[in-house]
Amino acid sequence: MHLYRSARTQAFRDEEQDVTHMETRVIAYFDHHPGATLSDLVQHSGRDKAQLTRLIRGLREKAYLEATEDAQDRRSTRLHLTAAGKALQRQLKKSAHTVLEQAVSGMSEQQRGELVSLLTLLQENLEQQR
């Protein structure tokens, strides 16, 4: 995973994307959970709320995220990717896919399937430890 993340981070740098690894994770979260809140992200990630607040502030300043007031609870703020954030997420996915294809080059479809199965089992085992 370290080598994959390093290669992916390098690909983002080569493309002159001005985002960090953690920012890409936050962008991906709001891509999959549009309208989620900071509290939702904290619960999902297990990260420090102050750290995530700074990340979100930075992504809003870069115009990748926008906040809207919750209609039912005006104390709550819902976060969504902007058009620029969605475009960035598409580019990040494309870069990640390229790195992933490089990582599994030379593997047969059967080997790729076995790898996915083994990684899924590994994830399930680790999640049981929580």
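Above this text you will find the structure in question.
Calculation rules
Residues numbered from 1 in each chain as written. Predicted model: local features only at pLDDT ≥ 70, side-chain atom pairs only at ≥ 80, totals over all residues. Heavy atoms only, no water. Helix = DSSP H or I, 4+ residues; strand = E, 2+ residues; numbered from the N terminus. Polar contact = N/O pair within 3.5 Å; in protein donor to acceptor, adjacent residues only side chain to side chain. Contact = heavy atoms within 4.5 Å. Core = buried A, V, L, I, M, F, W, Y, C linked by side-chain atoms within 4.5 Å. Buried < 20%, exposed > 50% of the residue type's maximum accessible area, 1.4 Å probe, protein only. 1 Å grid on protein atoms, 1.4 Å probe; cavity = no way out; pocket = protein on both sides within 12 Å on 5 of 7 lines; lining within 4 Å. Points joined across faces, edges and corners; volume = space filled by probe spheres on them. Axes fitted to C-alpha atoms, helices over the stretch in contact; angles between N-to-C directions. Parallel < 35°, antiparallel > 145°, perpendicular 65-115°, else oblique. Left-handed = near helix turned anticlockwise from the far one by under 90°. Nonpolar A, V, L, I, M, F, W, Y, C, P; charged D, E, K, R; others polar. Patch = residues over 30% accessible without salt bridge, like charges linked within 9 Å, V, L, I, M, F, W, Y side chains within 5 Å. Areas by Shrake-Rupley, 256 points an atom, 1.4 Å probe, with all protein chains shown as cover. Salt bridge = Lys/Arg side-chain N within 4 Å of Asp/Glu carboxyl O. Phe/Tyr/Trp six-rings, centres within 6.5 Å; stacked < 30°, edge-to-face > 60°.

Asker: In this structure, what is going on with the side chain of Asp70? I would like to understand it.
Answerer: Mapping Asp70 onto the fold places it in the loop between strand S1 (65-69) and strand S2 (77-81). Side-chain polar atoms of Asp70 contact the side chain of Arg78, separated by 2.7 Å. When neighbours within four sequence positions are excluded, Asp70 is seen to be in contact with Ser76 and Arg78.

Asker: Even after reading the chapter, I still don't get the nonpolar core, so can you show me in this structure?
Answerer: Side chains of nonpolar character tend, in soluble globular proteins, to be buried together. In terms of nonpolar packing, the biggest core is built from 20 residues, with Val26, Phe30, Leu41, Leu52, Ile56 and Leu65 touching the most fellow members. Elements with a minimum of two residues in this core: helix H2 (21-32), helix H3 (38-45), helix H4 (49-61), S2 and helix H5 (83-103). It is H2 that contributes the most residues to this core, 5 residues altogether. Contacts of Ile56, omitting those with residues within four sequence positions, involve Val26, Phe30, Leu38, Leu41, Leu65 and Leu79.

Asker: How should I be thinking about the layout of surface pockets in this particular structure?
Answerer: Approximately 1200 Å³ is the volume attributed to the largest pocket. What lines the largest pocket is a set of 29 residues, and nearest its centre among them are Met1, Arg5, Arg8, His21 and Arg25. Of all the secondary structure elements, the ones that give two or more residues to the lining of the largest pocket are helix H1 (2-14), H2, H3, H5 and helix H6 (109-128). In terms of residue count, H2 provides more of the lining of the largest pocket than any other element does, 8 residues in total.

Asker: Hey, could you run me through unusual backbone geometry in this one?
Answerer: Leaving glycine aside, a negative phi is the common case for residues, and trans is the common case for peptide bonds. Of note, Ala63 is a non-glycine position whose phi angle comes to about 65°, a positive value. Residue position: Ala63 is located in the loop between H4 and S1. Judged by relative accessible area, Ala63 falls into the partly exposed class, the value being 40%.

Asker: Would you explain the packing of H3 against H4 in this entry?
Answerer: Each pair of packed helices can be summarised by the angle the axes make with each other and by the distance between the axes. Running from amino to carboxyl end, H3 crosses H4 at an angle of 125°, the nearest separation of the two axes being 10 Å. In this view, H3 runs oblique relative to H4, as classed from their interaxial angle. Every pair of crossing elements has a handedness; the one defined by H3 and H4 is right-handed. Each of Leu38, Leu41, Val42 and Ser45 in H3 lies in contact with H4, whose residues at this interface are Lys49, Leu52, Thr53 and Ile56. In terms of residue class, the contact of H3 with H4 is made up of 5 nonpolar, 2 polar and 1 charged.

Asker: I would appreciate a short explanation of a nonpolar patch on the surface in the present structure.
Answerer: Among the surface-exposed residues, Met107, Leu115, Leu119, Leu122 and Leu126 lie close enough to one another that they form a single nonpolar patch of about 430 Å² accessible area. Considering the arrangement of structural elements, one finds Leu115 in helix H6.

Asker: I tried to follow the packing of aromatic side chains on my own but got confused; where do I start?
Answerer: To describe a pair of aromatic rings, one takes the distance between the centres and the angle between the planes. Evaluated as defined, the whole model comprises 1 aromatic pair. Geometrically, the ring pair formed by Tyr29 and Phe30 is edge-to-face, given 5.2 Å between the ring centres and 85° between the ring planes. The residues Tyr29 and Phe30 share a single accessibility class, namely buried.

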